[in-house]
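Structure at a glance
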Amino acid sequence: MSWLAQLISAGLLCATIATFPPIATADAVDEDPDLAKRDEDYAAGNGAVERKDWSQAVRLFQRAEVRNPDNADLQNVLGYCYRNLKQYDLAFTHYKRAIQLDPRHRGAHEYIGEAYLLTADLANAEKHLAALRDICVLPCEELKDLERAVAEYRARKK
Amino acid sequence: MKLRLIQISFAVAVASHGLAQADDTNSQTGPLGKVSFPTSCDSKVQPAFERAVAMLHSFWYSAGEKAFREVLKDDPQCAIAAWGIASILMSNPLAGQGASPKGAEQAQAAIDEGRRVGAKTERERDYIEAVAAYYKDFATRPEKERQSSRAKAYEALAQKYPTDDEAQILFALYLAGTQTQADQTYAAYLRAAAILEDEFRKYPDHPGVAHYLIHSYDAPPIADKGLAAARKYAGIAPAAPHALHMPSHIFTRVGAWEESAATNARSMEVAKAGSEPDEAYHAADYMVYADLQLARDAEARRVIDEAMNVKGSSSRFVAPYAMAAMPARYAMERGAWQEAANLQPLGSSYPFVEAITYFARGLGSARSGDLVAARKDAEQLESFHNTLLAAKNSYWATEIEIQQLALAGWIALGEGKSVEALKFMRAAADLEDHSEKHIVTPGRIAPARELLGEMLLELKQPDAALKEFEASQQREPNRFRNYLGSARAAEMAGDRAKAAAYYQKLLALAKNADTARPELVSAKKLASR
């Protein structure tokens, strides 16, 4: 699933939830439920991602990163922006940081795997595919998407 | 030099005040332990102030807030009372929930008032600023960040006033509050415990020291180190419901069920009498868990019924958690799968609370053959999991994922897919091993590795089952279902001596059972073989 599609599905989920009694998700050991609400730069960075203004998104996310150095989602989205800017080394740095912060971050495993495919590094893509297979014992979209991407890559290379 | 002078003057103040403060017994609220917290306030309010601090140390927040406000009323220049109010409003620093937005507003107002009044000593002003570090930019910072700021501020306070035991004790508490469930080196807990052990030697009757030692050892491999504090704390502050409950965190970890049930019975009684419904529910859940390990099913049922009649719980998750957990435990621990299949969700606003019922119900359905119903509950668990993932609540999302995997395993078993069933169930057990339970609960509704053992037994793999049961004992010791499963696995594997030993352990556990569980009847025959 693309990052934007995830955002949209999260929005749809929120809209669905809104029709039921209020759900208390932000209590008890929440990691950081409201980064987009509480950090203007992060919120604006998301807006820039939607406009595909990757350079502006990076600038905004870097400002948010100063205040939130240990946020896996922020590292993941920074990786995504650099990936779209074709600055793969920086993309890998941020994806790896996201996974270091949250070893079970499904999105980061999917996206770094896809980034490796973009740099023709199938072996590393498959490492993250294997990691996702361990994490997603129950089916998850991230695993399906990376499996599909790897299969397509292999088909192209035949 | 200036700091040295401050330290000396503080030491003099402590000495003149007397380190061994008189027993903090009060005819209105009873004993709360011994606390010495010298202040520059009017000497008339000093005993009431220290009593309020003792309430803070035993997390008796409703009474403590009133007590600090009374102090301020009687001595409006007692600015340090504002620190007390703001400290109380942070709520349980180990639960991860923190102050409510309304509480934060009230706390900030108290801090502002404390600053305006101006404490007479630099030390008191520093205390106020230490608690203010937690509330700074409250609305725009996550709880984890507030916790970190608080720990750093109190660390600085403790370093600035090395002879101030209260500063050391509070730093240890807030340091323990930064411990995450994912860190299984227990680094923050153990660092806090080292500070508190020194204080415990000096002040064995201090309510905070014993209390925070229990929290700092509330993890499977270190729990036995907390037994001394656990056995002491309820006697230090028997007036505080939380002090009567807290020892059971350690008793549960080491499988001391009689002690757990007894101290929670007292806690529940005191909480009800003192109109502390959340504490009553919390104690009841721990008590039900303990009673069920002892096969005191009638007593567990009685406690559930009594708890469910307690009214007026807060909007926090403590009471709803217990309300959902107790009936689920009652069915699951007795292996009453059909009963579990009939559980009804509470309809609370907390997905991880609702998930308890859907998990227990789904498992009950799967294990009593209704796979259609089990699949429906599995879908609901997936929905809760997605909700928590979207909300970035990774801890509870993972807890639900463990439940999803376990339920998927039992559904697969019902479908005859044993390889898939074991894959799911093993994944659940492995995932659970890498995260600690939350302090709101005495234990997960069913330990995943124990469920794996039960599944292997059903699949007639007794050697593998016994291995899993024995591994589960490391983290969840002295459990009824574990000993039963271990005995059956050993028996099936042909190890009669080991089977008899486990049946004997089961009978010892259930020696004061109030219910004739069928398993116990057969255990009696087999234990003597």
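Please read all numbers here as calculations on a predicted model, not as lab measurements.

**Description of the overall build of chain A**
In terms of regular secondary structure, chain A is built from 9 helices and 0 strands. Helices (α) and strands (β) of chain A occur, in sequence order from the N terminus, as α-α-α-α-α-α-α-α-α. Across the 158 residues of chain A, 39% fall into the buried class. Residue pairs at least 24 apart in sequence account for 45% of intrachain contacts in chain A once pairs closer than 6 positions are excluded.

**Here we look at helix 26 (residues 496–509) of chain B**
Residues and elements named next belong to chain B. Over its 14 residues, helix 26 runs 20 Å from end to end, which matches the ideal 20 Å to within 8%, given 1.5 Å per residue. For helix 26, the full list of buried residues reads A499, Y502, Y503, L506 and L509. One side of helix 26 carries all its buried residues, which in axial view fall inside an arc of 115°. Exposed residues pointing more than 90 degrees away from the buried face of helix 26 are listed as A497 and A508. Of the surrounding secondary structure, the elements contacted by the buried residues of helix 26 are helix 15 (277–293), helix 25 (480–492) and helix 27 (518–527).

**Details of the domain arrangement of chain B**
Residue and element names in this part refer to chain B. Each assigned domain of chain B is listed with its residue range as follows: domain 1 (2–18 + 30–254), domain 2 (334–446) and domain 3 (451–529). Relative to domain 2, the C-alpha centre of domain 1 lies at a distance of 37 Å. With 8 residues of domain 1 in contact, the opposing surface of domain 2 contributes 8 residues. Counted by class, the side of domain 1 that touches domain 2 contains 4 nonpolar, 3 polar and 1 charged residues.

**Let's talk about the packing of helix 26 of chain B against helix 27 of chain B**
All names here are of chain B. Where helix 26 meets helix 27, the closest approach of the two axes is 8 Å, and the angle between their N-to-C directions is 135°. Put simply, helix 26 runs oblique to helix 27. Remark: the crossing between helix 26 and helix 27 carries left-handed chirality. On helix 27, the residues that touch A499, A500, Y503, Q504, L506 and L507 of helix 26 are L520, A523, K524, L526 and A527. Here the residues of the contact of helix 26 with helix 27 sort into 9 nonpolar, 1 polar and 1 charged.

Basis of the calculations
Residues numbered from 1 in each chain as written. Chains lettered and ligands numbered in written order. Predicted model: local features only at pLDDT ≥ 70, side-chain atom pairs only at ≥ 80, totals over all residues. Helix = DSSP H or I, 4+ residues; strand = E, 2+ residues; numbered from the N terminus. Buried ≥ 20, exposed ≤ 12 C-beta atoms within 10 Å, placed from the backbone. Contact = placed C-beta atoms within 7 Å. Expected span 1.5 Å × (residues − 1). Arc of directions from axis to C-beta. Domains from an automatic or database assignment. Nonpolar A, V, L, I, M, F, W, Y, C, P; charged D, E, K, R; others polar. Axes fitted to C-alpha atoms, helices over the stretch in contact; angles between N-to-C directions. Parallel < 35°, antiparallel > 145°, perpendicular 65-115°, else oblique. Left-handed = near helix turned anticlockwise from the far one by under 90°.

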